[in-house]
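Topology and contacts: notes
Residue-level listing of the chains:
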Amino acid sequence: MKALKMVMILGSILTLFMAGCKEDNPDNTDGSEFDTNALLNNYSENIILPRYQELATQMNLLMGATNDFQNDVSAANLANLRTALLEAELAFQPCTSFEFGPASTYTLRSILNTYPTNESIINQNISSGGYNLYTAGNIAAIGFPAMEYLLYGTNLTDQEVLDLFAADAEAANRLTYLFDVVSQSQVVAGQVNTQWTSGGYHEVFVNANGTAVGSSVSLMMNSFVLDFERFIRDGKVGIPLGVRSLGTPNPEKVEAYYSEKSLALLAESMDAYKKCFNGVSSTEINGVGFDDYLIHEDAEAISHKINTQLDLIVAKQSILNGPLSEDVLSNKPDVQAVYDEMQKLIVSLKVEMPSALAVLITYQDSDGD
Amino acid sequence: MKKHTLFLLGAVVFASSCTKDEPTPEDTKPTQPATYSFTNVDYSGQTARLDMLAELTAEMKKPNTGVAADEAVMLNMFANENSPFADGTLNSSTKQLKSKCYDGGGSPMTVSSFEYYMTRLASLSNAGMGAWAPGTAGIATSGTKAYFFDENGVEYTQIIEKGLMGAVFYYQIAETYTRDGKIGDAVDNETVTDGKGTDMEHHWDEAFGYFGGTVDLTEANYADQSLRYHAKYAKKGSDAGLETVGNVMYQFIKGRYSISNKNYTDRDAAAEQLRKDYELIMATTAIHYINGSIADFGDDALRNHQISEAYAFVVSLHYNADKSISDTDLEEVKDFFRVDMGGHKIPNFLNVTVATLNQAKDKLSTVYGLDAVKDTI
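Just so it is clear, the structure is predicted and the values come from calculations on it, not from any experiment. (Residues numbered from 1 in each chain as written. Chains lettered and ligands numbered in written order. Predicted model: local features only at pLDDT ≥ 70, side-chain atom pairs only at ≥ 80, totals over all residues.)

1. Describing the overall build of chain B
Operational definition: A run of H or I in DSSP counts as a helix once it spans at least four residues, and a run of E counts as a strand once it spans at least two, with each numbered from the N terminus. Both definitions apply: the radius of gyration is a C-alpha atom measure, and the globule rule equals 2.2 Å times residues to the power 0.38. Labels follow a simple rule on C-beta atoms placed from the backbone: if 20 or more others lie within 10 Å of a residue's own, it is buried; if 12 or fewer, it is exposed; otherwise it is partly exposed. What counts as a contact here is a pair of residues whose C-beta atoms, placed from the backbone, lie within 7 Å.
Per the secondary structure count, chain B includes 14 helices and 4 strands. For 377 residues, the compact-globule estimate of 2.2 N^0.38 gives 21 Å, and the C-alpha radius of gyration of chain B, at 21 Å, lies within 12% of that figure. By its C-alpha atoms, chain B is 60 × 50 × 40 Å across when sized along the principal axes. For chain B, the proportion of its 377 residues judged to be buried stands at 51%. Of all intrachain contacts in chain B linking residues separated by at least 6 positions in sequence, the fraction that spans at least 24 positions is 68%.

Written out as structure tokens, the structure is:
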């Protein structure tokens, strides 16, 4: 595998060199070299920072709605809190491709969105009232999935949910637990945002030029591809569909299982993913992205192929009725079709694009054990 | 490795400062061979033990796929009793892992620790192999990977396999085959046995045999070599620019070359430096897996698996009397991965946090001078 990677790298170096020869570059200046600095600046200023900012904002609103609910456990406040939770979950989707630097330091994804959640650990924590939400043993008892479990439960009426927070013997502990998990996610999302905005990581990011291992392009592309392969394809679709369980669907393993908003989150995620690939900002301004980098390296076909395939995935997923937890049982072929189109994207993302840009995909553990 | 060249540049300064015995012009480097290419080299006994551990590991991995592990098979493989191996030559061999395993006192894992884990792996997997959850032994999966953990997230397969790499392979190298009893001046270095060399040469070759490398292995070609055990994990340091593979191979070659040339000053220098360079394999690999467990913190399968690896490599640091880390510091690192059960401590990976994982990593990187590369190993 390593030998293959080497061949790919050497091949891409050769491609780069040849591309250089073809440029209108008679005076032999290095004018044909792609400006990764412009790319990094666009990603940081127009994509990553606004996305983290939005997440931090939504987390603050979620915290506010949680406080209101704590002060007055009412149907209206529950509805507001659920809306705020969905908004925060939606705001998180565009952030998942950047799990390096601050997000990696604070393990943003693990803290906010490890699913499926573990109901029994949550219930134990509520009963005991003593817990450290940052331990490995509690990783499946925190974040959005835990909040969903608390605010929706399984087959509960709204009144039954309200009773759990007001009339139940453990109502006070449950309110505290809700507050603690929301607070933890708010803190972590805030820390990541702060590191990028005023903590100096923006500068680190834009200055780590080139495409070598450890460069920002390498970190970002590895995270971008890993996000799609492991967390979008497998996590959101493949594992619930049963591709890792001999075809047996796992409806309880969908994202947003309790709120049944899996498809809305998937749609948001795919939209953000495509914008990220193309360097498009949240205000729809098309800046320098991976697509432009590919075009510059005479790999426009790869860029086109990725965009076409991303559109195909969205087309297939728009057919689904939802909730996804039911689709994987009653409408399996249509979910399979989404997965199949996702699968087709892998080779372009993981082999063709990195090869054309001379980036090494390093996230795969090659130990074999 | 070409692909790491750019990245390497940053690490070169550090690498030369941490490997205290960098080859100097006075060394035998100009004349010693670039590879372990000597005559009369035989380490078939070590190869047999490496093969035994491979079969034992395969048995231990059965619960990963929902097949219970067999206690008698594992214990027999450990002791080479009752012909447990698929490879018949191993059954008829007089070699075994157990008789070479550290069994002294102190805090490190001993023969009985390994047998305890084998027994418990069998009893837990025979009791059932449902989904793992904190507090419930079972199988956790991630992608195509599946691992069987105890109720505390500990993967016994890693504790035993990597632990035996420490308690047998590393221990034999550090405490037996690079010491006076095996290569001191009292050991015969005159009588050449065909195919095995002198006693002293043979003992050094036996140390090399435990490494799991190839005779052709160099820093330049390690990615293309078929490596096992510590040789395979030495790549983690080399990938980060530390030249771990090259440094260890250099000392192995230097020692054998010096013995064959009866240059005992260089032999002793090589033995001492080899232990230091070899120790770095444990330290770098432990840090590598701590980093991995942080990156995969939300993934039960990958987190527990990588912490199990890291913990076993940390424990392996014990098996060298000259280790660079103090007993106090080593116990402190281990404590990040253990809970006190009232008098005795057991590995428990449910209470780790990203913060404590970083503390363990920082302690190791400080002791081993790896601060500059600790985030990229």
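2. Here's the deal with the overall build of chain A
When you go through chain A residue by residue, the secondary structure sums to 16 helices and 0 strands. Taking the principal axes of the C-alpha coordinates as reference, chain A spans close to 80 × 45 × 40 Å. Expressed as a percentage of the 369 residues in chain A, the buried residues total 47%. Intrachain contacts of chain A at a sequence separation of at least 6 include 74% that bridge at least 24 residues.

3. Quick word on the interface of chain B and chain A
Quick note on the threshold: Each residue gets one label: Ala, Val, Leu, Ile, Met, Phe, Trp, Tyr, Cys and Pro are nonpolar, Asp, Glu, Lys and Arg are charged, and the others, such as Gly, are polar.
Between chain B and chain A, the residue contacts involve 24 residues of the former and 25 residues of the latter. Among the secondary structure elements, those contributing two or more residues to the side of chain B that touches chain A are helix H1 (5-18), helix H11 (264-295) and helix H14 (354-367) of chain B. Split by residue class, the side of chain B that touches chain A holds 13 nonpolar, 8 polar and 3 charged.

4. Concerning the domain arrangement of chain A
Residues and elements named next belong to chain A. Quick reminder of the rule: What fixes the domain bounds is an automatic or database domain assignment.
You can read the domains of chain A as domain 1 (1-16 + 209-361) and domain 2 (48-207). Using C-alpha coordinates to define each centre, domain 1 is positioned 25 Å away from domain 2. Each side of the interface is counted separately: domain 1 has 24 residues, and domain 2 has 21 residues. Mapped by element, the contributors of at least two residues to the side of domain 1 that touches domain 2 are helix H11 (216-241) and helix H12 (262-278).

5. Some points on the nonpolar core
Put simply, the test is: In this usage, the nonpolar core is the set of buried Ala, Val, Leu, Ile, Met, Phe, Trp, Tyr and Cys residues whose C-beta atoms join them within 7 Å.
Of all hydrophobic cores here, the largest spans 209 residues; its most connected members are Met147 of chain A together with Leu164 and Ala286 of chain B. Tallying contributions element by element places H11 of chain B first for this core, with 14 residues. Apart from the residues lying within four places of it in its own chain, the contact partners of Leu164 of chain B are Leu53, Leu97, Cys101 and Phe114 of chain B.

6. Some details on the environment of Thr214 of chain B
Residue and element names in this part refer to chain B. On the secondary structure map, Thr214 appears in the loop between helix H8 (199-211) and helix H9 (229-239). Here Thr214 falls in the partly exposed class, since 17 other C-beta atoms lie within 10 Å of it. Through-space distance from the C-alpha of Thr214 to that of Arg179 is 23 Å; in sequence the pair is 35 residues apart. Setting aside chain neighbours within four positions, we find Thr214 in contact with Gln225, Ser226 and Leu227.

7. Overview of H12 of chain A
Residue and element names in this part refer to chain A. Basically, it comes down to this: Expected span of a helix: the number of residues minus one, times 1.5 Å.
Between its terminal C-alpha atoms H12 stretches 24 Å, which fits the 24 Å expected from 17 residues at 1.5 Å a residue. Looking only at H12, the buried set comprises Ser262, Leu263, Leu265, Leu266, Ser269, Met270, Ala272, Tyr273, Cys276 and Phe277. Those residues of H12 that are buried are in contact with helix H2 (36-71), helix H3 (75-92), H11, helix H13 (290-296), helix H14 (300-317) and helix H15 (324-330). At the exit of H12 stands Gly279, carrying a positive phi of roughly 70 degrees.

8. Description of unusual backbone geometry
Residue and element names in this part refer to chain A. A cis amide bond links Tyr115 to the next residue, Pro116, at an omega of 0 degrees. Examined against the element boundaries, Pro116 turns out to sit in the loop between helix H5 (108-113) and helix H6 (119-128). Cis geometry is adopted by the peptide bond preceding Pro323, which originates at Gly322 and carries an omega value of -10 degrees. Relative to the helices and strands, Pro323 resides in the loop between H14 and H15.

9. Some thoughts on helix H12 (residues 300-316) of chain B
Between its first and last C-alpha, H12 of chain B extends 24 Å over 17 residues, near the 24 Å set by a 1.5 Å rise per residue. Counting buried positions over the 17 residues of H12 of chain B gives 17, a clear majority of the element.

10. With respect to the pairing of strand S1 (residues 138-142) of chain B
All names here are of chain B. Just so we agree on the cut-off: Paired strands, in this sense, are two strands between which DSSP finds at least two bridges.
Both S1 and strand S2 (residues 145-149) contribute to a ladder of 5 bridges, which runs antiparallel. Directly across from Gly138, in S2, lies its bridge partner Phe149. In textbook terms, the turn of a hairpin is the stretch between consecutive antiparallel strands, and for S1 and S2 this stretch comprises 2 residues, one of which, Gly143, has a positive phi near 60 degrees.

11. Quick notes on the packing of helix H7 (residues 143-152) of chain A against helix H9 (residues 171-197) of chain A
All names here are of chain A. Our working definition: Note on definitions: angles span 0 to 180 degrees between N-to-C directions of axes, and those axes are lines fitted to C-alpha atoms, for helices only across the stretch in contact. We call two directions roughly parallel when the angle between them is under 35 degrees, roughly antiparallel when it is over 145, roughly perpendicular when it lies between 65 and 115, and oblique otherwise. By the definition used in this description, the sense in which the near helix is turned from the far one sets the handedness, with an anticlockwise turn below a right angle giving left-handed and a clockwise turn giving right-handed.
At a minimum axis distance of 9 Å, the contact between H7 and H9 shows a crossing angle of 155 degrees. Judged on the interaxial angle alone, H9 and H7 are roughly antiparallel. At the point where H7 passes H9, the crossing takes the left-handed sense. Contact residues: Gly143, Ala146, Met147 and Leu150 in H7; Arg174, Leu178, Val181, Val182 and Ser185 in H9.

12. Some details on the packing of helix H8 (residues 158-166) of chain A against H9 of chain A
All names here are of chain A. At their nearest, the axes of H8 and H9 sit 6 Å apart, and the two run at 100 degrees to each other. Considering their axes alone, H8 and H9 lie roughly perpendicular with respect to each other. Contacts between H8 and H9 pair Leu164, Phe165 and Ala166 from the former with Ala171, Arg174 and Leu175 from the latter.

13. Points about the environment of Val225 of chain A
Residues and elements named next belong to chain A. Tracing the sequence through the fold places Val225 in helix H11. Spatially, the C-alpha atoms of Val225 and Glu326 are 28 Å apart, while their sequence positions differ by 101 residues. Ignoring anything within four residues of it in the chain, the contact list for Val225 reads Leu349, Lys350 and Ile361.

14. A look at the confidence of the model for chain A
Put simply, the test is: Looking at any residue, its pLDDT shows the predictor's confidence there, from 0 to 100.
Confidence in the prediction for chain A averages 91 pLDDT; 90% of positions are at 70 or higher. Scored below 50 in pLDDT, residues 1-30 of chain A makes 25 contacts in the model with residues more than four places away or belonging to other chains.

15. Considering the confidence of the model for chain B
Model confidence for chain B is summarised by a mean pLDDT of 93, while 92% of its residues fall at 70 or above. In this model residues 1-20 of chain B is a low-confidence stretch, pLDDT under 50, and it forms 29 contacts with partners more than four residues away in sequence or in other chains.

16. Brief notes about the environment of Gly213 of chain B
Residue and element names in this part refer to chain B. Relative to the helices and strands, Gly213 resides in the loop between H8 and H9. Overall, the presence of 25 C-beta atoms within 10 Å leaves Gly213 in the buried class. With 147 residues separating them in the primary sequence, Gly213 and Ala360 have C-alpha atoms 29 Å apart.

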